[in-house]
Amino acid sequence: MPKLAIVYLSTQGSTKMMAEAIAEGAREKHVDVDIDNFYEWDPAEVAKYDAICIGSSTFYYTMLEPIAKFLDKLIEIGIEGKLGAAFGSYGWSGEAPVLIAEKLRKAGVEVIDPVLRIQYVPNEKDLAECIRLGKDMAKKMKKKE
Ligand SMILES: Cc1cc2nc3c(=O)[nH]c(=O)nc-3n(C[C@H](O)[C@H](O)[C@H](O)COP(=O)(O)O)c2cc1C
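Looking at an unreviewed UniProt entry, one finds the protein named Putative flavoprotein, with Methanolobus tindarius DSM 2278 as its source organism.

Written out as structure tokens, the structure is:
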């Protein structure tokens, strides 16, 4: 089975809810998903996966600092040819997912457009969008196999 890594950082759980819904969608399409908070991930491990989704909420018009550092390590390592997606909850400006996508591209990842942004706490409709992203990612992964 193709393997998907979902790495996120969330201060109050909104981006975490998105991450879990993306995982649910991908699992429905029979992809092997490992999902965890950023603190549990070693960037070198990501090299073992076929695709990676990275999420952060927006704070002070950018992504959370640990996620930026994590992505800089991925750029250093270079993870060419993998599929990727960026997501995150935001309040009013929502830059984080766009900036995550930029860094993923720098690391050599083929990023799904557009990024997925949800304002504040996701509702049922928002979570359905996250599930759909997980399914879309799974389909793309299977096509690449
Ligand atoms: C101190 C602080 C700064 C924030 N700065 C921004 C910002 O610059 N742009 C924005 O869109 N949202 C901003 N937000 C809103 C958060 O992104 C929003 O509450 C989000 O839902 C948090 O998601 P999380 O629970 O996954 O961390 C800020 C929130 C706080 C508490």
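Now, onward.
Attention now moves to the overall build of the protein. Along the backbone of the protein there are 4 helices and 8 strands. When its helices and strands are written in sequence order, the protein yields β-α-β-β-β-β-α-β-α-β-β-α. Compactness check: the protein gives a C-alpha radius of gyration of 13 Å against a globular reference of 15 Å for 145 residues, within 12% of the reference. Overall size of the protein, expressed as C-alpha extent along the three principal axes, is 40 × 35 × 25 Å. In the protein, which comprises 145 residues, the share counted as buried stands at 51%. Relative to all contacts within the protein whose residues are 6 or more apart in sequence, the contacts with residues 24 or more apart total 81%. Roughly 7500 Å² of accessible area belongs to the protein as shown, and the carbon and sulfur atoms make up 49% of that amount. Taking the 20 positively charged and 23 negatively charged side chains of the protein as two groups, their mean positions are separated by 4 Å.

To continue, consider the site of the ligand. Residues in contact with the ligand amount to 18 residues; listed here are only the nearest, Ser10, Thr11, Ser57, Ser89 and Ser93. Contacts to the ligand include Ser10, whose side-chain N or O atom sits 2.6 Å from an oxygen atom. In the environment of the ligand, a nitrogen atom lies 3.0 Å from a nitrogen or oxygen atom belonging to the backbone of Tyr60. Protein coverage of the free-state accessible area of the ligand, which is 650 Å², stands at 83%. Elements represented by at least two residues in the shell around the ligand include exactly helix H1 (14-28), strand S4 (58-59) and strand S6 (83-90). Looking at the shell around the ligand residue by residue, the class counts come to 6 nonpolar, 12 polar and no charged.

Glancing now at the environment of Gly81. Relative to the helices and strands, Gly81 is located in the loop between helix H2 (65-77) and S6. Sequence separation between Gly81 and Met1 is 80 residues, and the spatial gap between their C-alpha atoms is 18 Å. In this structure Gly81 touches Gly108 and Lys144, once residues within four positions along its chain are discounted.

This part is about the UniProt feature "domain: Flavodoxin-like" (unreviewed entry) in the protein. Per the UniProt annotation, the sites labelled "domain: Flavodoxin-like" (unreviewed entry) are residues 4-138. In residues 4-138, helix accounts for 40% and strand for 27%; the two terminal C-alpha atoms are 8 Å from one another.

This part takes up the pattern of salt bridges. All told, the structure shown has 5 salt bridges when counted by the stated rule. Residue Glu28 pairs with Lys135 through a salt bridge whose shortest N-O separation is 3.2 Å. Of this pair, Glu28 sits in helix H1 while Lys135 sits in helix H4 (residues 124-144); the two residues are 107 residues apart in sequence, bridging distant segments of the chain. For Glu28, a relative accessible area of 41% puts it in the partly exposed group. Overall, the relative accessible area of 26% leaves Lys135 in the partly exposed class. Arg105 is the salt-bridge partner of Asp113, the closest N and O atoms lying 3.5 Å from each other. For Asp113, a relative accessible area of 60% translates into the label exposed.

Attention now goes to H1. Note: α-helices contain 3.6 residues per turn, so residues at a spacing of three or four share the same orientation. End to end, H1 covers 22 Å across 15 residues, agreeing with the expected 21 Å (1.5 Å per residue, within 8%). Within the sequence span of H1, burial applies to Ser14, Thr15, Met18, Ala19, Ala21, Ile22, Ala23, Gly25 and Ala26. Buried-residue contacts for H1 involve strand S1 (3-9), strand S2 (32-37), strand S3 (51-56), S6, strand S8 (116-119) and H4. His30 sits one or two residues past H1 and shows a positive phi near 65°.

Definitions and cut-offs
- Along each chain, residue indices are assigned from 1 in the same order as the chain's sequence is written.
- Two thresholds apply to this predicted model, a pLDDT of at least 70 for residue-level local features and 80 or more for giving and counting side-chain atom pairs, whereas whole-chain, interface and lining totals are computed over all residues.
- Remark: hydrogens and water are excluded; side-chain values derive from all non-hydrogen atoms of the structure.
- Numbered from the N terminus, helices here are DSSP runs of H or I no shorter than four residues, and strands are runs of E no shorter than two.
- For a compact globule the rule gives 2.2 Å times the number of residues to the power 0.38, and the radius of gyration it is set against comes from C-alpha atoms.
- Only protein chains enter the area calculation, which uses a 1.4 Å probe; residues under 20% of their type maximum are buried, those over 50% are exposed, and those in between are partly exposed.
- The criterion used for residue contact is that any of the two residues' heavy atoms lie within 4.5 Å.
- Accessibility throughout is a Shrake-Rupley quantity obtained with a 1.4 Å probe, and a residue counts as covered only by protein chains that appear here.
- In this count, Lys and Arg are taken as positive residues and Asp and Glu as negative ones, while His and the chain termini are left out.
- Lys charges are placed at NZ, Arg charges at CZ, Asp charges at CG and Glu charges at CD.
- Any residue with a non-hydrogen atom lying within 4 Å of a molecule or strand is treated as near it.
- Whenever two N or O atoms come within 3.5 Å, that pair is a polar contact, provided that in protein one can donate a hydrogen and the other can accept it, and provided that, for residues adjacent in sequence, both atoms are side-chain atoms.
- When residues are grouped by polarity, Ala, Val, Leu, Ile, Met, Phe, Trp, Tyr, Cys and Pro land in nonpolar, Asp, Glu, Lys and Arg in charged, and all others, Gly among them, in polar.
- UniProt positions are given in the numbering used here, feature names are shortened, and annotations may be inferred rather than shown by experiment.
- A pairing counts as a salt bridge when a side-chain nitrogen of Lys or Arg comes within 4 Å of a carboxyl oxygen of Asp or Glu.
- By this rule, a helix spans an expected 1.5 Å times one less than how many residues it contains.

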